[in-house]
Amino acid sequence: MNDKDRTVPTDVPPSAAPAGDRAAQGPRPEPRHDFRTAEPRWQAEWERRGCFAVPDVPPPGARKYYVLEMFPYPSGKIHMGHVRNYTLGDVVARYKRARGHLVMHPMGWDAFGLPAENAARERGIHPGRWTYDNIAAMRAELKRMGLSLDWAREFATCDPEYYGQQQRLFLDFWKAGLVERKESWVNWDPVDQTVLANEQVIDGRGWRSGAPVEKKKLAQWFFRITRYAEDLLAALDGLDRWPERVKLMQANWIGRSEGARVRFRLAEAVADIAEVEVFTTRPDTLFGMSFLALAAEHPLAQAVAARDPKAAEFIAECRRMGTSEAAIEQAEKRGHDTGLRVAHPFLEGVTFPVWIANFVLMEYGTGAIFGCPGHDQRDLEFARKYGLSVLPVVLPPGADPARFTIGEEAYVEDGTIFNSGFLDGLSVPEAKRRVVEALERTGQGEGVVNWRLRDWGVSRQRYWGCPIPVIHCEGCGAVPVPEDRLPVLLPEDVDFSRPGNPLDHHPRWKHVDCPRCGRPARRETDTFDTFVDSSWYFARFCSPRAPVPVTREAVDAWLPVDQYIGGIEHAILHLLYSRFFARAMRDTGHLALAEPFAGLFTQGMVTHESYRAADGRWLYPEEVEIVTAPDGSRGAVEKATRAPATIGRVEAMSKSKRNTVDPGAIIERYGADTARWFILSDNPPERDMEWTEAGVAGAFRFTQRLWRMTALALPSLPPPGTPPGDAAGAARRLRQATHRTIAAVTEALEGFAFNVAVARIHEFANAIAEAEGADCAAARREALETITRLAAPMMPHLAEELWSMLRPGEARLVAELPWPEADPALLKADTLTIAVQVLGRLRGTIEVPAGATEAEVLAAAEAEPNVQRALAGRPIRKRIHVPGRIVNFVV
Ligand code: ANZ
Ligand code: ZN
């Protein structure tokens, strides 16, 4: 950050002393901006006036703008990532409001989830109690940030009014065929008796229990997101205000691949299985095949295991490895030879071995592959390990077919097919077409499009989530809970002393009568994945109290979200699930659109230095003192012990490294405006920003400087509303600086270049300080009023304070004012640069006043020394003048 502050001493407030009392400044404390009283005062005033409240249905003609930041999980305290996220959103909201939009800017809580259950298990607090206490604490912290939120829209996803409506949506999706119950493999923690997400499996063990994780088949509820795979992919093209990176991640996740299914005949059938179908994206390499590999859960592998204990043992081992792709990617490639063989589709009498391999996933394609080691690295490693053949069939351009061999690396690039019978000499794409043709003709396979995207399993064996509104009846199967019995509420009296799902072992809750036949039945005891809760909250904000999931008038008016802001960590799942929900809600009549977020911005992390004591303990920043070593380098000492500490890397703030700074303490010490200003100033918002003490202190000085500059100028300013008029000299330069800053800050805010906006305002403050003299008074009023309004989206409290000083008695707050407009006449340069040619060759350039006459321009051009030399005293025959650009002399 560029702080050109020279006039104001370092006046970081002593944290304990009351504002205004600065012993270091001598007996008479200077007047200063007292943020401790000003900030709450303006927050109360905004609230009193309802500045940020909007109706569910905007009045006709209103230009709506919906700004949303990813809502927080109520962990108990806000962190700097929140401060950055909500400050960015608030700048957009305040700016758009000033630009005349009706801005909806809501806040809520993503309030279901495991940490609440952990608190219950560890500390005996009810998850609901823990969650709502945390929400109260965090709400208070957010309010102190001065965010321009419509708090009347607030809700938590654990409110029955919210999750009850979610149950309605689920039932609507079910009716529309978007929900399915099917068996699937899950990571099972045998000690905690719960399903684990892939991220909760660490080195094959449960993250809490440490027990080896098992794979288990469970009946689960799924949302059929795959039904929209094609559209979810194609529609990415239309999201022109989304980062390319996020769109690419989504496209990869959806993962469309064109390829073929190929059926291989088994030399000998096993338990009625006579053939194996594989999915491949490289049918062109079929003649380079050296083995066939099955996933451990493949029916053929299971059939083999039934009669071969060695195979069964290998499968059990595979099961202990997590189900995640990452786990599989990292694990060593291992296999088991079943002894079976399959025939090649086109080579008479040629057969290949059938293996079970740990790198083949049951959930992708068909759960079986043909291995071509020459052109796939994984297959190559596998073949080398087990001594299987390696035959290249794609020849690199220019390579000699007689000498080309595969070494340690598979050849995955393009080339010409060889060693491949009827495909020899073809290009890779041409060979793909020909093989597929031949497979289809002979009934051994066909071309297919395959998607990586899987249906979304939403069942979780947890208490603190939204109950899935289903009743299981022996006679009727899975029966929806009737509309008039919604919501299905969570029971309050739950026992966390036993492992497993408290809903499942609750003595009464699950025992109900079947709504269809009236016989005793059992409630579904699974709750929804919390990603379900966050997949439609943006729509609920439009009519948060409605007795239906959303009211059409409200969502039709407010959606899509015009600007969504959040972390890149949600680039895939949350955004994809929300896009799915929008489509599903559209197809069940709840919405009119498919894309919920028209604009997306992903912010960078907040980083900080880390510190370590000599014994290796991580230290919080407030536990160390930064010192300057005798050689001038920076060092640190632990305050408590005075022992030297080491300064570590600057990295993302995290509890484990203790390099966190508590926003509450920063706001207490410096005020919300300072925190906001600093967090915006350091770097472009999409990049990481480094939080430093010096940086915050600099931001604080700037808030004080603006205040003092205004306070000191007040007595000499003309009355409010005095037109600055046609100024000249210093006054004109100040007016130009004012209007150029309006243009520059406007452009910066439009482009999310908030750090640039901050830098321009700093420069402008310097320009105001330099423009002295009585003739500048009117221009100075204009400048001070302008800097106040330009800084307002970023430092809203200080802006109100300055505005009330500059315009005492003015009815409107800055929060209610339109954005300042730049006067085009003051943006134009005062001088023009003109190129001067002699006989078409550039000989010099001249600066002329913007209003110069043609005669003046020509005279100045002729007088230019270089031009004089080029003319060499010859008479000028013709003078060509392109106003504002060029003069050409013909001699
Ligand atoms: C033969 C082959 C030859 C392959 C070659 C690649 C290169 P994408 O692009 O991600 O769709 N594959 C298919 N099903 C699989 C499964 N269930 N588990 C693990 N791997 C599987 O990947 C498709 C390729 O991944 C397929 O093409 C298949 O290997 C493998 F020179 O078939 B290929
Ligand atoms: Zn029944």
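A short tour of the structure in this document, coming up. (Residues numbered from 1 in each chain as written. Chains lettered and ligands numbered in written order. Predicted model: local features only at pLDDT ≥ 70, side-chain atom pairs only at ≥ 80, totals over all residues. Heavy atoms only, no water.)

From N to C terminus, the chain includes 26 helices and 35 strands. Across its three principal directions, the C-alpha atoms of the chain cover 100 × 85 × 70 Å. When burial is assessed residue by residue, the chain has 54% of its 891 residues classed as buried. As displayed, the chain has an accessible area near 38,900 Å², and 52% of this comes from carbon and sulfur atoms. Taking the 110 positively charged and 119 negatively charged side chains of the chain as two groups, their mean positions are separated by 2 Å. (Helix = DSSP H or I, 4+ residues; strand = E, 2+ residues; numbered from the N terminus. Buried < 20%, exposed > 50% of the residue type's maximum accessible area, 1.4 Å probe, protein only. Areas by Shrake-Rupley, 256 points an atom, 1.4 Å probe, with all protein chains shown as cover. Lys, Arg positive; Asp, Glu negative; His and termini not counted. Charge placed at Lys NZ, Arg CZ, Asp CG, Glu CD.)

Another aspect to go through is the coordination of the zinc ion (ligand 2). The protein atoms donating to the zinc ion (ligand 2) are Cys473 (SG), Cys476 (SG), Cys514 (SG) and Cys517 (SG), with metal-donor distances spanning 2.2 to 2.3 Å. Taken together, the four donor atoms surrounding the zinc ion (ligand 2) define angles of 107 to 112° at the centre, an arrangement classified as tetrahedral. In terms of primary sequence, the donors binding the zinc ion (ligand 2) are separated according to C-x2-C-x37-C-x2-C. (Donors = N, O, S within 2.8 Å, 3.2 Å for Na, K, Ca; no water. Tetrahedral: all angles 85-135°; square planar, octahedral: opposite > 155°, others 65-115°.)

In the vicinity of ligand 1 there are 17 residues, among which Ser257, Thr280, Thr281, Leu361 and Tyr364 approach most closely. Separating an oxygen atom of ligand 1 from a side-chain N or O atom of Ser257 is a distance of 2.7 Å. Here a nitrogen atom of ligand 1 sits 3.2 Å away from a polar atom, N or O, in the side chain of Arg378. Its free accessible area being 650 Å², ligand 1 has 84% of it covered by the protein chains. Listed by contribution, the elements that provide at least two residues to the shell around ligand 1 are β9 (273-280) and β13 (368-371). When the residues that make up the shell around ligand 1 are grouped by side-chain class, the tally is eight nonpolar, six polar and three charged. (Near = heavy atom within 4 Å. Polar contact = N/O pair within 3.5 Å; in protein donor to acceptor, adjacent residues only side chain to side chain. Nonpolar A, V, L, I, M, F, W, Y, C, P; charged D, E, K, R; others polar.)

Structurally, the position occupied by Ile880 is in strand β34 (residues 878-882). Once residues within four sequence positions are removed from consideration, Ile880 is found in contact with Ile886, Val887, Asn888 and Val890. (Contact = heavy atoms within 4.5 Å.)

That bond from Leu486 to Pro487 is cis: its omega, -5°, falls within 30 degrees of zero. Within the element layout of this structure, Pro487 appears in the loop between β20 (477-480) and β21 (511-513). The step from Leu559 to Pro560 runs through a cis peptide bond, and the omega angle for that step is 0°. One can find Pro560 in the loop between α15 (552-558) and β24 (563-567). Of note in this structure, Asp272 is not a glycine but carries a positive phi near 70°. With respect to the element layout, Asp272 can be found in the loop between β8 (256-270) and β9.

A few words on the side chain of His574. Counting through the fold element by element, His574 comes out in helix α16 (residues 573-587). Within polar-contact distance, the side chain of His574 engages the backbone oxygen of Ser534 at 3.5 Å.

Where helix α19 (residues 693-713) contacts helix α22 (residues 777-791), the axes come no closer than 11 Å and their chain directions differ by 150°. By the criterion of interaxial angle, the relationship of α19 to α22 is roughly antiparallel. Relative to α22, α19 is oriented so that their crossing is left-handed. Residues Leu706, Met709, Thr710 and Ala713 of α19 form the contact with α22, whose participating residues are Arg780, Leu784 and Ile787. Grouping the constituent residues of the contact of α19 with α22 by class yields five nonpolar, one polar and one charged. (Axes fitted to C-alpha atoms, helices over the stretch in contact; angles between N-to-C directions. Parallel < 35°, antiparallel > 145°, perpendicular 65-115°, else oblique. Left-handed = near helix turned anticlockwise from the far one by under 90°.)

A few words now on the nonpolar core. Within the largest apolar cluster, 163 residues are counted, with the highest numbers of intra-cluster contacts made by Phe223, Tyr537, Phe581 and Trp691. Counting residues per element, this core draws most heavily on helix α2 (residues 80-98), which supplies nine residues. Leu340, Leu395, Phe418 and Leu426 belong to the second largest nonpolar core, which has 45 residues in total. (Core = buried A, V, L, I, M, F, W, Y, C linked by side-chain atoms within 4.5 Å.)

Judged by pairing direction, the sheet is antiparallel, and its four strands sit side by side in the order β4-β3-β7-β17 without closing on themselves. The open sheet has two free edges, formed respectively by β4 (194-196) and β17 (456-457), since each of these has just one partner strand. Across the sheet, helix α5 (residues 160-175) touches β3 (179-189) and β7 (214-223), and the angle it forms with β7 is around 85°. (Pairing = 2+ DSSP bridges.)

Let us look at the sheet that holds strand β25 (residues 600-603). Overall, parallel pairing links the four strands, which are arranged β2-β1-β24-β25 in an open sheet. Here the strands that pair on one side only, and so sit at the sheet edges, are β2 (102-104) and β25. Going across the sheet, the axis of each strand differs from the next one's by a mean of 20°, ignoring polarity. By the bridge criterion, three bridges tie strand β1 (residues 64-69) to β2 in an arrangement that is parallel. Within β2, the residue paired with Tyr65 across the bridge is Val103.

Once that is clear, we can look at the side chain of Asp526. With respect to the helices and strands, the residue Asp526 is situated in the loop between β22 (520-523) and β23 (527-528). Summary of buried charges: Asp526 has no salt-bridge partner, and the nearest side chain of opposite charge, Arg181, is 5.6 Å away. Those residues in contact with Asp526, other than ones at most four positions away along the chain, are Ser459, Arg460, Gln461, Pro467 and Ile468. (Salt bridge = Lys/Arg side-chain N within 4 Å of Asp/Glu carboxyl O.)

On to the packing of aromatic side chains, then. This structure, assessed with the given rule, holds 49 aromatic pairs. Between the aromatic rings of Phe112 and Trp464, the centroid separation amounts to 5.0 Å while the plane-to-plane angle is 80°, which identifies the pairing as edge-to-face. On the criterion of sequence distance, the pair formed by Phe112 in the loop between β2 and α3 (114-123) and Trp464 in the loop between β18 (459-460) and β19 (470-473) is long-range, its members being 352 residues apart. The pair formed by Phe112 and Trp464 is uniform in burial state, with each residue classed as buried. (Phe/Tyr/Trp six-rings, centres within 6.5 Å; stacked < 30°, edge-to-face > 60°.)

The next subject is helix α9 (residues 309-319). Those residues of α9 not exposed but buried are Ala311, Phe314, Ile315 and Cys318. Axial view of α9: buried residues confined to an arc of 100°, hence all on one face. α9 presents Pro309 and Glu313 as exposed residues on the side facing more than 90 degrees away from its buried surface. Its side-chain oxygen 2.9 Å from the backbone nitrogen of Lys310, Asp308 forms the N-cap of α9. (Arc of directions from axis to C-beta.)

Taken together, the five bridges between strand β26 (residues 606-612) and strand β30 (residues 644-652) define a ladder with antiparallel strand orientation. Residue pairing in the sheet places Tyr611 in a bridge with Ile647 of β30. Sheet topology places strand β29 (residues 634-638) next to β30; two bridges connect them, and they run antiparallel. Counted as the bridge partner of Ala636 is Ala645 from β30. Where β29 hands over to β30, the hairpin turn is made up of five residues, of which Arg642 adopts a positive phi near 60°.

This brings us to the pairing of β13. On a regular strand, each side chain points to the face opposite its neighbour's, so the side chains alternate between the two faces of the sheet. Here β13 shows two buried faces, one formed by Ala368 and Phe370 and the other by Ile369 and Gly371. Note that strand β10 (residues 291-294) and β13 share four bridges and pair antiparallel. Considered in β13, the bridge of Leu292 is made with Phe370.

A few words on the pattern of salt bridges. Oppositely charged side chains are able to pair whenever their charged atoms sit close together. Per the counting criterion, the structure on display carries 54 salt bridges. Put simply, Asp455 and Lys182 hold a salt bridge, and the shortest N to O gap is 3.1 Å. With Asp455 in the loop between β16 (445-451) and β17 and Lys182 in strand β3, the pair connects residues that are 273 residues apart, well separated along the chain. Here Lys182 falls in the partly exposed class, since its relative accessible area comes to 28%. Between Arg760 and Glu763 there is a salt bridge, and its shortest N-O distance comes to 3.2 Å. One end of the pair, Arg760, and the other, Glu763, are both in helix α21 (residues 754-770), three residues apart, so they sit about a helical turn from each other.

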